[in-house]
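Coordinate inspection notes
Now for the letters of each chain:
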Amino acid sequence: MDIYDRATEREEKDRELAMANRRPAGPEATGACLWCGEDLPPAQPDKPAPRWCDCDCRNDWEHAQP
């Protein structure tokens, strides 16, 4: 086993660890704010669809989750 094999093995282990420790994806976007129900714009080619209209709604929604 050479240095490249060990590096590849280490990279795979690091990737598995990162995937195991990542944050959950959260709820799916519905086209409306998940807290107040205000209509939201659709997804853009370079950005996912928003789930909340602003950070206050997001924070309120997060605090209300069990």
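What counts as what
One numbering rule holds for all chains: residues counted from 1, following each sequence as written. Note on the predicted model: pLDDT of at least 70 is required for a residue's local features to be given, and 80 or more for side-chain atom pairs to be given and counted; whole-chain, interface and lining totals, by contrast, use all residues. With hydrogens and water set aside, each side-chain value is computed from the structure's full complement of heavy atoms. Put simply, DSSP H or I for four residues or longer makes a helix, DSSP E for two residues or longer makes a strand, and each gets a number counted from the N terminus. Each residue's exposure class comes from its accessible area (1.4 Å probe, protein chains only) as a fraction of the maximum for that residue type: buried when under 20%, exposed when over 50%, partly exposed otherwise. Throughout this description, the term salt bridge denotes a Lys or Arg side-chain nitrogen within 4 Å of a carboxyl oxygen of Asp or Glu.

Mapped onto the secondary structure, Asn59 falls in helix α2 (residues 55-64). For Asn59, a relative accessible area of 28% corresponds to the partly exposed category. For the pair Asn59 and Trp35, spaced 24 residues apart in the sequence, the C-alpha separation amounts to 9.3 Å.

On to the pattern of salt bridges. For the structure on display, the rule yields 3 salt bridges. Of the charged contacts, one joins Arg10 and Asp14 as a salt bridge, the two residues approaching to 3.2 Å between their closest N and O atoms. Of this pair, Arg10 and Asp14 both sit in helix α1 (residues 3-20), 4 residues apart, which is roughly one turn of the helix. Judged by its relative accessible area of 56%, Arg10 is exposed. The partly exposed category is assigned to Asp14, whose relative accessible area is 38%. Close ionic contact of Glu11 with Arg15 constitutes a salt bridge, the shortest N to O distance being 2.9 Å. With Glu11 and Arg15 both in helix α1 and 4 residues apart, the pair spans about one turn of that helix. By relative accessible area, Arg15 is classed as partly exposed at 45%.

Read these as layout, nothing more, since geometry by itself doesn't imply function.
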